[in-house]
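Results of the structural survey
Read off the chains here:
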Amino acid sequence: MEKLYYTIGEVAELLGENTSLVRFWSNSFTKYLNPKRNAKGNRLYTNDDIEVLKQIHLLVKVQGMTLDGAAKKLSADMKNLDGKVKVLDSLKNILAQLVEVRKSL
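Residues numbered from 1 in each chain as written. Predicted model: local features only at pLDDT ≥ 70, side-chain atom pairs only at ≥ 80, totals over all residues. Heavy atoms only, no water.

The next thing to look at is helix α3 (residues 47-62). Here α3 contains 16 residues, and its C-alpha end-to-end distance of 21 Å stays within 8% of the 22 Å for a straight helix at 1.5 Å per residue. Gly64 lies just past α3 and shows a positive phi near 75°. (Helix = DSSP H or I, 4+ residues; strand = E, 2+ residues; numbered from the N terminus. Expected span 1.5 Å × (residues − 1).)

Right, let's get into the packing of helix α1 (residues 8-15) against helix α2 (residues 19-28). Packing of α1 against α2 leaves a shortest axis separation of 8 Å and a crossing angle of 100°. The pairing of α1 with α2 is recorded here as roughly perpendicular in orientation. Contact residues: Ile8, Gly9, Val11, Ala12 and Leu15 in α1; Thr19, Val22, Arg23 and Trp25 in α2. Along the lines of polarity and charge, the residues of the contact of α1 with α2 split into six nonpolar, two polar and one charged. (Axes fitted to C-alpha atoms, helices over the stretch in contact; angles between N-to-C directions. Parallel < 35°, antiparallel > 145°, perpendicular 65-115°, else oblique. Contact = heavy atoms within 4.5 Å. Nonpolar A, V, L, I, M, F, W, Y, C, P; charged D, E, K, R; others polar.)

Attention shifts here to α1. Every buried residue belonging to α1 is among Ile8, Val11, Ala12 and Leu15, and all of these are buried. Burial along α1 is one-sided: seen end-on, the buried residues are contained in an arc of 100°. Along α1, exposed side chains directed more than 90 degrees from the buried face belong to Glu13 and Leu14. Against the buried residues of α1 lie β1 (6-7), α2, β3 (43-45) and α3. One or two positions beyond α1, positive phi appears at Gly16, with a value near 75°. (Buried < 20%, exposed > 50% of the residue type's maximum accessible area, 1.4 Å probe, protein only. Arc of directions from axis to C-beta.)

Moving on, we come to the sheet that holds β3. Backbone hydrogen bonds hold the strands of a sheet together, and the pairing may be parallel or antiparallel. With antiparallel pairing, the three strands of this open sheet are ordered in space as β1-β3-β2. Strands with a single pairing partner mark the edges of an open sheet, and in this sheet they are β1 and β2 (36-37). In the sheet, β1 pairs with β3 via two bridges, with the strands oriented antiparallel. Across the sheet, residue Tyr6 finds its bridge partner in β3, namely Tyr45. Against the sheet, α3 touches β1 and β3, its axis set at about 85° to β3. (Pairing = 2+ DSSP bridges.)

That's the geometry; what it means functionally is another story.
Below you can see the structure in the form of structure tokens.
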């Protein structure tokens, strides 16, 4: 069973980076990352947050993009994702209609 929340240390270990860099990215990409905080104020990251951090890591560390460039790329990807979600919902509706038609035959 997967965990719901991961500490900043666990996320840093997954990325192979230090916690200060993960904290910096969390502060720099607030539009895409909003980690929860526990009673002590420690950041807690969800699986979705980790996926965004992996994308940031790829763009900045692997591909050598600037933070601004990475933010623009993430923004473009989010717009594409919204379109894909709408298409997927439409396809699910069509499939449901086809199943109903098949049942009636």
